[in-house]
Amino acid sequence: MSENCPCCSGLQYSLCCGRYLSGEQFPASPEALMRSRYTAYYQQNADYLLATWHRSHRSSQLRQALSESFSDTQWQGLRIIACEAGANDNEAYVTFWARYVEKDRSDAIHERSRFVREDQRWYYIDGTAPQVGRNDRCPCGSEKKYKKCCGQ
């Protein structure tokens, strides 16, 4: 029996992101790619992250930057907030909240990631930080207002 997948899907790793990180399959949706990329960060798998980054946004320093970030970062959990279609069938967005600890300090990334599909494969392009109002529900999933939770 396989352990649970780090992406917090509730599925076993072998039935979830494991098949993508092994190269057995390609993620069929932007959400599956987002989850597998989170798992790659969790596992410190720079090769997978680079392979799933759109070529137009890969820099020559990307591998080094990823490797440097791995040693100080421990990923704690992923929450998918929304999956949305883009301007056409080959563009989509996934909004997520990912918790991590870096140098003994807890933090989180809240991002609306943009994905594109080329040759039947999804790729990560870039992301933006969604605006959260003080009285909005906190994106971490606590059901508290942002100002009383992560916005402090």
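Here, every reference points to the structure presented above.
Residues numbered from 1 in each chain as written. Predicted model: local features only at pLDDT ≥ 70, side-chain atom pairs only at ≥ 80, totals over all residues. Heavy atoms only, no water.

Q: I'm lost on the pattern of salt bridges in this one. Help?
A: If the charged atoms of two oppositely charged side chains come close together, the side chains can form a pair. Counted according to the given criterion, the structure contains eight salt bridges. The closest approach of N and O atoms between Glu31 and Arg35, which form a salt bridge, is 3.1 Å. Of the two residues, Glu31 and Arg35 both sit in helix α2 (residues 30–43), four residues apart, roughly one turn of that helix. Exposure remark for Arg35: the relative accessible area of 14% places this residue in the buried category. With a shortest N-O distance of 3.1 Å, Glu84 and Arg112 are connected by a salt bridge. Residue Glu84 is located in strand β1 (residues 73–85), and its partner Arg112 is located in strand β3 (residues 105–118); the two are separated by 28 residues in the primary sequence. The exposure class assigned to Glu84 is partly exposed, which follows from its relative accessible area of 35%. (Salt bridge = Lys/Arg side-chain N within 4 Å of Asp/Glu carboxyl O. Helix = DSSP H or I, 4+ residues; strand = E, 2+ residues; numbered from the N terminus. Buried < 20%, exposed > 50% of the residue type's maximum accessible area, 1.4 Å probe, protein only.)

Q: Is there a simple way to think about the sheet that holds strand β4 (residues 121–128) in this case?
A: The strands making up a sheet associate through backbone hydrogen bonding, with each pair oriented either parallel or antiparallel. Taken together, the four strands give an open sheet; going across it, the order is β1-β2-β3-β4, and neighbouring strands pair in antiparallel fashion. Sheet topology places β1 and β4 at the edges, where each strand pairs with a single neighbour. Each strand of the sheet is rotated relative to its neighbour by a mean of 30°, with strand direction disregarded. As paired elements, strand β2 (residues 91–102) and β3 share twelve bridges and run antiparallel to each other. Residue Val101 lies in a different strand from β3, and its bridge partner there is Ser106. Contacts from α2 reach β1, β2, β3 and β4 within the one sheet, and its direction differs from that of β1 by about 170°. (Pairing = 2+ DSSP bridges. Axes fitted to C-alpha atoms, helices over the stretch in contact; angles between N-to-C directions. Contact = heavy atoms within 4.5 Å.)

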